[in-house]
Amino acid sequence: MMTWGDGVRILVVEDERPLATAIRRTLEAEGFTVVLAEDGIDGEWHTREQSFDVVVLDIMLPGMSGYDVCRHMRVRGDRTPVLFLTAKNGEYDEADALDIGGDDFMSKPFSPVVLSARLRALTRRASSGDGPPLVVGPLRIDPAQQRAWAGETELHLTAREMALLTYLTHRAERVVSKHEILEHVWDQAFEGGPNVVEVYVGRLRRKLEPTRGITISTVRGMGYRLSGRRA
């Protein structure tokens, strides 16, 4: 039987090991895939090298603060939802977290059940298409309307092609594997092989081909990378 979090990847950056372990146990029981990092430097590396659906960040971390990890994510265009955890409790801390690009905030101590509910809300919000347009070079996607443009030309995409292009655009300039794409773009009941990803990438390439400045390149043995530049 599938649980709600099946296929959802969560990065938890928390230096208190007992708390991190408790969070992982709670989230894995709901089907989330959880990756732990114990300091800000390691957490920032994970956000650059892997893709996640939500990032949970403690603010006071060794090596690099949670604020700085989130700030680096936003500077490079990573819009992955971020939920901040902190031992501090005050409106100014919450305002700082939200001002630098955080999406939610919880003060310690907190209920793991409430944390899980907050994460479910963040992943629903992200997958529903709420949020600003995605822009990479001449490519622009409006998630709310499920429409995409290459320069001034609107792209005519199937629902699956739109989902794949949106996923690659969220992770622009990063390599994503076929396995990650299958996890996020195809549902859990899909029984086909990873070659279906090649088919759909090929379709997107043909539709993007007339547009200068946007490419989906193959990184041999690793996956695909969407890149864009202004003409």
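Please read these numbers as outputs of a predicted model, since none were measured by experiment. (Residues numbered from 1 in each chain as written. Predicted model: local features only at pLDDT ≥ 70, side-chain atom pairs only at ≥ 80, totals over all residues. Heavy atoms only, no water.)

Asks: Looking at this structure, I do not really get the sheet that holds strand β5 (residues 104-107). What am I missing?
Replies: Backbone hydrogen bonds are what pair the strands of a sheet, in a parallel or an antiparallel way. The five strands lie next to each other as β2-β1-β3-β4-β5, forming an open sheet whose pairing is parallel. This sheet does not close on itself; its edge strands, each paired only once, are β2 (33-37) and β5. Averaged over all adjacent pairs, the angle separating strand axes in this sheet is 20°, with direction ignored. Strand direction decides the pairing type here: strand β4 (residues 82-86) and β5, joined by four bridges, are parallel. Across the sheet, residue F84 finds its bridge partner in β5, namely F105. On top of the sheet, helix α1 (residues 17-29) reaches β1 (9-13), β2 and β4; it is set at about 170° to β2, its chief contact. (Pairing = 2+ DSSP bridges. Helix = DSSP H or I, 4+ residues; strand = E, 2+ residues; numbered from the N terminus. Axes fitted to C-alpha atoms, helices over the stretch in contact; angles between N-to-C directions. Contact = heavy atoms within 4.5 Å.)

Asks: Hey, could you run me through the sheet that holds strand β8 (residues 147-150) in this one?
Replies: Sheet architecture is open: four strands sit in the order β6-β7-β8-β9, paired in antiparallel fashion. Of all the strands in the sheet, just β6 (134-136) and β9 (153-155) have a single pairing partner and so form its edges. For this sheet, the mean angle separating the axes of adjacent strands, direction not counted, is 20°. Against the sheet, helix α6 (residues 159-170) makes contact with β6, β7 (139-142), β8 and β9, and its axis sits at roughly 115° relative to β7, the strand it touches most.

From the geometry alone we can't say anything about function, so treat these as descriptive.
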